[in-house]
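# Understanding the architecture of this molecule
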Amino acid sequence: MMDGAEKKRGLAGLYRKSQQIPVLRNITSYVYRNTGILVGLVILCLFLSFGTETFATQTNIINILRQISTNVCLTVGIMLAILLGGIDLTGGAVIALSGCISAKAVMDLGTPVWAAIFLGCLAGLVVGMANGLIIAYTDMPPFIVTLAMQNICRGAAYLYADGNPIRVSNEAFEKIGMGYLGSIPLPVIYSIVILAVSAWLLTQTKMGQEIYAVGGNREAARFTGININRVQIFVYSYSGLLAGVAGVVLAARMASGQPATGVGYETDAVAAAVLGGTSMSGGVGTPGGMIIGILVIGVLNNGLNLLHVNSFWQYVARGVVILLAVYVDLMRKRRAYR
């Protein structure tokens, strides 16, 4: 039998060999960077698989993927804002507003489905751009700006819908949220595309490099010639656009635009981003880690429902998750400073 030292040398040798193959190097690097959260996800899945009869079924797994598709849009936007050292709290309210706009466009204004989709997404883009412009040119804290805009959008959604859900009976519009590509729900396809585009944006473009630079050290970024205002406007506009897309898809899935929907969705998005390794101080975070964070939150929410946990306690559980995630981030930064 090998002793502990021999086992470590053997594992180290396997790791070195894996680094010589590009695909294995990427996989091992990804696992190494996200070991903690991956272990947590595996433990959570195993617990729910043994604790419930339906968690590990194909139907439930597809249901989880469908449910987290909305959180994907919000988490990507919030992650980008946090990378800048800011925050975006408008996502849930923009979902309600864009959903109501697209639903009313189809049912009351008689616009084509493509035009209704465009109007809903445009509403999110306009809100996000307004956030970016205010933050960039007034130096107001992003928390205050987006909190105020959250209330404005929520109120606008209620006013636009007269306080009532806007029912949709249009098969083409409903298919956007309820259709399938083979056995995969269309919202899951949308979320995969959004994740791929966002990962490319962060890792392969100049804008992605500038986002990390601004979040890491704003003054240093300014001295290197980066237009910080332009970066801020882009990030918040992109975040608003993604929330608008989520609102249209969710309205199509529910066959109605509901001004009360989206309440508290930002909580899950912030938790997913931070759990995935995005630092609240900015400049640190990866799309790969964010994906794991989204899965953890999605599995946790689904598991709590399967275990018939009271919905009030679910709020408590999500709050505890956010506190733990931020605490872990704080400990990680302290170790890095040492």
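One can find the structure itself at the top, above this paragraph.
Now for a description of the structure that goes with this document. Computed from a predicted structure; not experimentally measured.

### Regarding the overall build of the protein chain
When helices and strands are tallied, the protein chain shows 15 helices and four strands. Taking all 338 residues of the protein chain together, 48% fall into the buried category. Considering only contacts within the protein chain whose residues lie at least 6 apart along the sequence, 77% involve residues at least 24 apart. In the structure as shown, the protein chain presents an accessible area of about 17200 Å², 67% of it carried by carbon and sulfur atoms.

### Considerations on the nonpolar core
In this structure, V76, L80, C153, I211, V214, V231 and L275 are the most contacted members of the largest nonpolar core, which totals 64 residues. Take this core: its biggest share by element is eleven residues, from helix α4 (residues 58-83). Beyond its immediate chain neighbours, meaning those up to four positions away, V214 contacts L84, A221, I226, I228 and V231. Ranked by size, the runner-up nonpolar core spans 16 residues in total, among them A105, A116, A251 and A252.

### Overview of the pattern of salt bridges
Taken as a whole and assessed by the stated rule, the structure comprises two salt bridges. Among the salt bridges present, the one from R230 reaches E210, with a minimum N-O distance of 2.9 Å. Of this pair, R230 sits in helix α12 (residues 228-254) while E210 is found in helix α10 (residues 206-216), placing the two residues 20 residues apart along the sequence. Of the charged contacts, one joins E219 and R222 as a salt bridge, the two residues approaching to 2.8 Å between their closest N and O atoms. Residue E219 and its partner R222 are both found in helix α11 (residues 218-223); the two are separated by three residues, about one turn of the helix.

### Quick word on the packing of helix α13 (residues 265-275) against helix α14 (residues 287-306)
The interhelical angle for the contact between α13 and α14, taken along N-to-C directions, is 130°, at an axis separation of 7 Å. Put simply, α13 runs oblique to α14. Handedness of the crossing formed by α13 with α14: right-handed. Listed contacts from α14 to D268, A271, A272 and L275 of α13 are M290, G293, I294, V296, I297 and N301. Taken together, the residues of the contact of α13 with α14 break down into seven nonpolar, two polar and one charged.

### Brief notes about the environment of T286
For T286, the location among the structural elements is in the loop between α13 and α14. Counting along the chain gives 203 residues from T286 to L83, while the straight-line C-alpha distance between them is 9.5 Å. For T286, the residues in contact, after removing those within four places along its chain, are M79 and Y212. Within the structure, the side chain of T286 is placed 3.2 Å from the backbone nitrogen of G289, a separation counted as a polar contact.

### Section: the packing of aromatic side chains
Applying the stated rule across the entire model yields one aromatic pair. For the pair F234 and Y238, a centre-to-centre distance of 5.9 Å together with 5° between the ring planes defines the contact as stacked. Of this pair, F234 and Y238 both sit in helix α12, separated by four residues, roughly a single helical turn. Given the relative accessible area of 29%, F234 is considered partly exposed.

### A word on helix α3 (residues 35-51)
Over its 17 residues, α3 extends 24 Å from the first C-alpha to the last, a length consistent with the 24 Å expected when each residue adds 1.5 Å. Every buried residue of α3 is accounted for by I37, L41, L44 and L48. Each buried residue of α3 lies within a common arc of 65° when the element is viewed along its axis, so the set occupies one face. Turned more than 90 degrees from where α3 packs its buried face, G36, I43, F47 and F50 sit exposed.

### Structural notes on unusual backbone geometry
Residue D162 is not a glycine yet carries a positive backbone phi of 55°. When you line up the elements, D162 lands in the loop between α7 (142-160) and β1 (166-167). Residue classification places D162 among the exposed residues on the basis of a relative accessible area of 61%. The phi dihedral of H308 falls on the positive side, at around 60°, and the residue is not glycine. With respect to the helices and strands, H308 occurs in the loop between α14 and α15 (311-337). H308 sits in the exposed class, given a relative accessible area of 72%.

### Section: helix α6 (residues 113-138)
Look at α6: 38 Å from first C-alpha to last across 26 residues, which is about the 38 Å you get at 1.5 Å a residue. Of the residues flanking the end of α6, it is D139, one or two places downstream, whose phi is positive at about 60°.

### Some details on the packing of α4 against helix α9 (residues 186-204)
Running from N to C, α4 and α9 point in directions that differ by 20°, and their axes come no closer than 8 Å. One way to sum up the angle between α4 and α9 is to call them roughly parallel. For the pair α4 and α9, the sense of crossing is left-handed. Each of L65, R66, S69, V72, C73, V76, M79, L80 and L83 in α4 lies in contact with α9, whose residues at this interface are P187, V188, S191, I194, L195, S198, L201 and L202. For the contact of α4 with α9, the class distribution of residues is 13 nonpolar, three polar and one charged.

The rules behind the values
- Numbering of residues starts from 1 in every chain and runs along the sequence as written.
- At least 70 in pLDDT is required for a residue's local features to be given in this predicted model, at least 80 for side-chain atom pairs to be given and counted, and no such filter applies to totals for whole chains, interfaces and linings, which use all residues.
- The side-chain numbers reported here are obtained from all heavy atoms of the structure, hydrogens and water having been left aside.
- Under the scheme used here, helices are H or I runs from DSSP no shorter than 4 residues and strands are E runs no shorter than 2 residues, and both carry numbers assigned from the N terminus.
- Think of it in three bands: with a 1.4 Å probe and only protein chains considered, a residue is buried below 20% of the maximum accessible area for its type, exposed above 50%, and partly exposed in between.
- Two residues form a contact once any of their heavy atoms are found within 4.5 Å.
- Exposure was quantified through the Shrake-Rupley algorithm and a 1.4 Å probe, taking into account, for residues, occlusion by the shown protein chains and nothing else.
- The set of buried Ala, Val, Leu, Ile, Met, Phe, Trp, Tyr and Cys residues whose side-chain atoms join them within 4.5 Å is what this entry labels a nonpolar core.
- One side-chain nitrogen of Lys or Arg within 4 Å of one carboxyl oxygen of Asp or Glu is enough to make a salt bridge.
- Interaxial angle, 0 to 180 degrees, is taken between N-to-C directions of lines fitted to C-alpha atoms, where a helix line uses only the stretch in contact.
- In this scheme, roughly parallel covers angles under 35 degrees and roughly antiparallel covers those over 145, while 65 to 115 is roughly perpendicular and the rest are oblique.
- Crossings are assigned a handedness: left-handed for a near helix turned anticlockwise from the far helix by less than a right angle, right-handed for a clockwise turn.
- Ten residues, namely Ala, Val, Leu, Ile, Met, Phe, Trp, Tyr, Cys and Pro, are considered nonpolar, four, namely Asp, Glu, Lys and Arg, are considered charged, and the remaining ones, Gly among them, are considered polar.
- Polar contacts here mean pairs of N or O atoms no more than 3.5 Å apart (in protein, one a potential hydrogen donor and the other a potential acceptor; neighbouring residues in sequence count only if both atoms are side-chain atoms).
- Ring pairs are drawn from Phe, Tyr and Trp, using the six-membered ring of Trp, whenever the two centres fall within 6.5 Å, and their geometry is named by plane angle: stacked under 30 degrees, edge-to-face over 60, tilted for the rest.
- Each helix should span, by expectation, one fewer than its residue count multiplied by 1.5 Å.
- Directions are taken from the helix axis to each C-beta atom, and the arc is the one they span.

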